[in-house]
Amino acid sequence: MTKRKLIAGNWKMNGNLEANDALVRALVAGMKDAGCDVAVCVPAPYLAQVQMLRHGAKLELGAQDVSQHASGAYTGEVSAAMLREFGVRYAIVGHSERRQYHGETDALVAEKAKAALALGITPIVCIGETLAEREAGRTEEVVKRQMAAVIHVNGHCISEIVVAYEPVWAIGTGRTATPEQAQQVHALLRKQLAAATPQAERVNILYGGSMNAANAASLLAQPDIDGGLIGGASLKSADFLQIIAAASA
Ligand SMILES: O=C[C@H](O)COP(=O)(O)O
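- As recorded in an unreviewed UniProt entry, the protein chain goes by Triosephosphate isomerase and comes from Ramlibacter alkalitolerans.
- As its UniProt record puts it under Subunit (unreviewed entry), the protein chain is described as follows: "Homodimer."
- Looking at the Sequence similarities (unreviewed entry) heading of the UniProt record, one finds this comment for the protein chain: "Belongs to the triosephosphate isomerase family."

The structure is reproduced here in structure tokens:
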């Protein structure tokens, strides 16, 4: 049986009550026949709103981050248990924007993935090299290091995660990795997972970085690209629905 692809929207710090309402209603109406899994990762204050709007639909709910701590004096943090109360199925961890602007390290990202898994939330673990790292020929070394940290901490349940390969130079820039460039890294990650678990084929490895309605089909046709983590294009229902359609084909 072929694995279902996963299309996850990452709204980042965008949205408001009115715009979210229109977007989610359009998605729920337009994705009735989706042949892939679909999620939207929304800002924490809107989890309750989107949970209510998606009621009864196949649209899954995701968070954009999760604390590595279970509870306690950690001002500003949101725990996996809290996310669970709002029906959250996925939590992005280690997005490059959090690594870059919030100093998140490989070790912290691995702990966040562990905290999510402990509460039955699937972490979408983001990894990817910067432009400088790619140009220095360090792509393989960087993505392997980021992946290894997550495998090290989550060894026995590593097949339960989702991986998102997001080359930093492709995020929000309109400069997409070619299908071949992305496939090359995805294959490498699959191999690394296979060394850690006999169930590496189960793991959805998503591509992220300027994926849009026009380029989704060619990226998703690659053997190791099992879906997408979509930023900008997930804010427009028509574009996001076209990507969902491409992943359903
Ligand atoms: O999480 C999503 C990625 O950062 C991709 O964002 P983008 O589709 O706007 O390039």
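And the narrative resumes.
Description of the site of the ligand
- As a matter of local geometry, the ligand sits amid 14 residues, with N10, I171, G208, G231 and G232 nearest to it.
- The residue makeup of the shell around the ligand, split by class, is 5 nonpolar, 8 polar and 1 charged.

So, the pairing of strand β3 (residues 59-63)
- Most of β3 sits inside the fold, with 4 of its 5 residues counted as buried.
- Between the parallel pair strand β2 (residues 37-41) and β3, the chain is carried across by helix α2 (residues 47-53), and the sense of this crossover is right-handed.
- Bridge count for β3 against strand β4 (residues 88-93) is 3 bridges, and the pairing is parallel. From the neighbouring strand, G62 faces β4, where its bridge partner is Y90.
- At this point the chain moves from β3, through helix α3 (residues 80-85), to the parallel β4, and the crossover so formed is right-handed.

With respect to the nonpolar core
- Ranked by size, the top nonpolar core spans 74 residues in total, and within it A8, A91, I124, V125, V163, Y165 and I243 carry the most contacts.
- For A8, the contacting residues outside a window of four places in its chain are A39, C41, G62, Y90, I124, L206, L229 and I230.

Focus: helix α5 (residues 106-118)
- With 13 residues, α5 extends 19 Å from end C-alpha to end C-alpha; this agrees with the ideal 18 Å at 1.5 Å per step.
- Within α5 the residues assigned to the buried category are V109, A110, K112, A113, A115 and A116.
- If you follow the buried residues of α5, they end up packed against α3, β4, β5 (122-127) and α7 (139-154).

Quick look at the environment of K3
- Looking at where K3 falls in the secondary structure, it is placed in the segment before β1 (6-10).
- As for K3 and S234, which are separated by 231 residues in sequence, their C-alpha atoms are 22 Å apart.
- Residues contacting K3, with those up to four places away along its chain left out, are R202, N204 and D226.

What to know about the UniProt feature "binding site: substrate" (unreviewed entry) in the protein chain
- Using the residue numbers shown here, the UniProt feature "binding site: substrate" (unreviewed entry) corresponds to N10, W11, K12, G172, S210, G231 and G232. Spanning 223 residues, the annotated positions come together in the fold, the maximum distance between their C-alpha atoms being 13.8 Å.
- Structurally, K12 is set in the loop between β1 and α1 (17-30).
- The exposure class assigned to K12 is partly exposed, which follows from the 19 C-beta atoms found within 10 Å.
- Judged by the 18 C-beta atoms lying within 10 Å of it, G232 falls in the partly exposed class.

Comments concerning the sheet that holds β4
- Here we have 8 strands rolled up into a closed barrel, ordered β1-β2-β3-β4-β5-β6-β7-β8, and parallel in their pairing. The average angle at which neighbouring strand axes cross in this sheet is 25 degrees, direction not considered.
- Where β2 meets β3, 4 bridges bridge the pair, whose relative direction is parallel. In the strand pairing of β3, A39 is matched with E60.
- Strand contacts of α5: β4 and β5, with the helix running at about 165 degrees to β5, the strand carrying the most contacts.

Calculation criteria
- Residues numbered from 1 in each chain as written.
- Predicted model: local features only at pLDDT ≥ 70, side-chain atom pairs only at ≥ 80, totals over all residues.
- UniProt positions renumbered as here; feature names shortened; annotations may be inferred.
- Near = placed C-beta within 6 Å.
- Nonpolar A, V, L, I, M, F, W, Y, C, P; charged D, E, K, R; others polar.
- Buried ≥ 20, exposed ≤ 12 C-beta atoms within 10 Å, placed from the backbone.
- Helix = DSSP H or I, 4+ residues; strand = E, 2+ residues; numbered from the N terminus.
- Right-handed = clockwise from strand over helix to strand, strands pointing away.
- Pairing = 2+ DSSP bridges.
- Core = buried A, V, L, I, M, F, W, Y, C linked by C-beta atoms within 7 Å.
- Contact = placed C-beta atoms within 7 Å.
- Expected span 1.5 Å × (residues − 1).
- Axes fitted to C-alpha atoms, helices over the stretch in contact; angles between N-to-C directions.

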